[in-house]
Structure formats: C-alpha cells, structure tokens
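What the coordinates show
Chain by chain, the residues run as shown.
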Amino acid sequence: MKLLVTGGSGYLGTHVRRFFQADDFSRRASLDVLSLLDSAKAADYDVVIHLAAYLSKNPVDAENCFRTNVEGTVNLLREMQPNSVFIFASTKDVYGSHADDYAEVPESCSTEYQGHTALEWSKLIAERYVEYYAAQRDFRSCIFRLSTVYARPSEGNENSFVTHYVESVKRGWPIRWPVEGTPIRDILHVDDFSRACRAFIDSSETRGLYNLGGGRENALSLREIAEKVAEMIQCTPVVDESSPLPAPVPLNYISDLKRVRDDLGWQPQIGIEEGLRSLL
C-alpha cells in the first residue's frame, strides 16, 4: 500500500510519516498543494493523509488560509482514484464557542458561524469538499476534527502548547496563561492519531466524520499540564502572571469519542503520564 502524508515534514506530519513509513508531500520536499502539477502526484497513492494547512488565525492571513486549506485540498481531491482513501485533518475549532455547551463535545455540535476566524471557516468549507469529491469520485474519506494533538519537537516546526509547556518547564522559560491556566483540553499523543488513521484505513467504513482527542481520561487544565511535567522532573514552573493570554474559544473542550470507538474500535492507548514523559 502506497501512502502519502501532506505536510509530512511538519510538527505532526514528521511523526505520522515515520509511523507509516510514508512519502512526504511538503514544501520541504519541494511539493506544494497549490501546484496542480505537484498535486497530481496524489493519484499514485492508495492513501493520502492530508495534514498540510495554513494555520494562522490572524485576519491579515485570511486569504492564505482559504487558498491553502480549501483550494489546496480540492487540488488533491480531484486526483484521488476510486477505492483509495483520503484522511483530512480538520479541527475542533469549527465548533467555536458552541462547544462550551457540552461537557463532552459530540459531532452533532453546531458549527454555525459565531465569530470564527478564516482558519476554522476554511477547514469547515474543506470538509464539505472532501464529502463531495469522495462521493463523486468513489473513494473513501475520513474527516478527523482534532482536539490537541502533541508530539516531540522537530527542527523548524512550531510546537503545540503541550510541547511548548514541556519545553518551558524543562528550560525555566516563563509560561503565560489564559484565564489563570484554567481552560481544559483533552490531549492526544500523535501516535494515537496515527493509530486512528490506520483504524479507518483498515475498516470497512466508506465515509467518516469523527471528533478525535484524548477524551475524558486525558483531559487536564493548562495549569495542571505544566504542574504534572514539573512534578515529573522535580522543579517549579516559571509562570508570568503579569501578561495573561486572551481566553481561548471554546474555553473548555473534551471530545466525545463514542462515534469513533463504535465505528473504528479505536481509543487512545497513550495516557497523559506516558505521553508527557515521552516529551521530556
């Protein structure tokens, strides 16, 4: 089976590509999803895991978000062959503040516009294209609305907040909190994300739309994550309380994993303790 990871040199893609021994489609590999010639390479693969994206929430980057996340995705989808598999990395942020209505967020949570940035909106639009082209071109498709996926740092890539907190605790860098570090996130190790991709590939499901995160068992407040790391290495985190970050949207987020467990038989295998320790 030939497998391609777009964004395969990125923060998560580096690890996903190694997990599957897949080929890399990224600008570091001199390939661009906005190039029709480059995107045509997707036709040669049985599975495409599409992680490449423009992730800025800055309004000045709106055009780049829509071009990369929508147009770039469509360029790949047009090349997918019948019976191949396309896995799309979307985001929990498509729910926006609607997610705060749930203790554990299901896929039925509203995605109605409520101050979303171009990043979330571009991902949501791209999801619809995935569903359309999968039906039209008769290939299998899976959309994962990801919570916080974390991995070991890799050269030239920006870390997720989990990895950033671990590095900050280790090195004594000041940590800035939103809302005194009280927001809650369910965190997922990148290898568990890769296992979810494999579970869909190996399944008989034709279409899938799943929330994917660590679930209730792997949920902590931001402050608790840093404190747990500090406990592991027996130090005290340095916290900058003088310049807090703005509150995140949603404020708290824990994925409801029922659908992905029922359909794919998947659940996280790497707990918080083991996962955080792997970053040290």
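Scroll up to find the structure this text is about.
1. Some words on unusual backbone geometry
The omega angle of the peptide bond from V249 to P250 is -5°, so this bond is cis rather than trans. Within the fold, P250 resides in the loop between strand 11 (239-245) and helix 8 (258-264). One non-glycine residue, Q234, lies in positive phi territory at about 55°.

2. Some details on helix 4 (residues 118-137)
For helix 4, with 20 residues, the first-to-last C-alpha span of 28 Å sits near the 28 Å given by 1.5 Å per residue. Among the residues making up helix 4, those that are buried are A118, L119, E120, S122, K123, L124, A126, E127, V130, Y133 and A134. Directly beyond the C-terminal end of helix 4, a positive phi value near 60° is found at D138.

3. Let's talk about the environment of V74
Looking at the secondary structure, you find V74 in helix 3 (residues 62-77). The exposure class of V74 is buried, given its relative accessible area of 6%. Sequence separation between V74 and V229 is 155 residues; the distance between their C-alpha atoms is 41 Å. Those residues within four positions of V74 in sequence are excluded, and the remaining contacts are Y129 and Y133.

4. Focus on the packing of aromatic side chains
Each aromatic ring pair is specified by the distance between its two centres and by the angle formed by the two planes. Scanning the entire structure with this criterion turns up nine aromatic pairs. Between the aromatic rings of Y165 and W177, the centroid separation amounts to 5.5 Å while the plane-to-plane angle is 80°, which identifies the pairing as edge-to-face. Here Y165 is found in helix 5 (residues 161-171), whereas its partner W177 is found in strand 7 (residues 175-178), with 12 residues between them in sequence. Given the relative accessible area of 4%, Y165 is considered buried. Three or more aromatic residues joined by ring pairs make a cluster, and in this case those are Y129, Y132 and Y133.

5. Description of the pattern of salt bridges
In this structure the tally under the stated criterion is 17 salt bridges. Among the ionic pairs, R27 bridges to D32, the shortest N-O distance being 3.5 Å. For D32, a relative accessible area of 22% corresponds to the partly exposed category.

6. Some words on the nonpolar core
Counting 50 residues, the largest nonpolar core has I49, I87, F144, F193, L212, W266 and L276 as the members making the most contacts within it. Ranked by residue count, the leading element in this core is helix 6 (residues 190-202), at seven residues. Every residue in contact with F144, bar those within four places of it in the chain, is listed here: I87, F88, A89, S90, T91, F193, A196, C197, Y210, L212, V260 and L264.

7. So, the sheet that holds strand 8 (residues 184-189)
The three strands are arranged 6-8-10 in an open sheet whose pairing can be described as mixed. For this open sheet the edge positions go to strand 6 (148-150) and strand 10 (219-221), each flanked by a neighbour on one side alone. The average angle at which neighbouring strand axes cross in this sheet is 45°, direction not considered. As paired strands, strand 8 and strand 10 are joined by three bridges and run antiparallel to one another. From the neighbouring strand, I184 faces strand 10, where its bridge partner is S221.

Criteria and thresholds
Residues numbered from 1 in each chain as written. Predicted model: local features only at pLDDT ≥ 70, side-chain atom pairs only at ≥ 80, totals over all residues. Heavy atoms only, no water. Helix = DSSP H or I, 4+ residues; strand = E, 2+ residues; numbered from the N terminus. Expected span 1.5 Å × (residues − 1). Buried < 20%, exposed > 50% of the residue type's maximum accessible area, 1.4 Å probe, protein only. Contact = heavy atoms within 4.5 Å. Phe/Tyr/Trp six-rings, centres within 6.5 Å; stacked < 30°, edge-to-face > 60°. Salt bridge = Lys/Arg side-chain N within 4 Å of Asp/Glu carboxyl O. Core = buried A, V, L, I, M, F, W, Y, C linked by side-chain atoms within 4.5 Å. Pairing = 2+ DSSP bridges. Axes fitted to C-alpha atoms, helices over the stretch in contact; angles between N-to-C directions.

These figures capture arrangement, not role.
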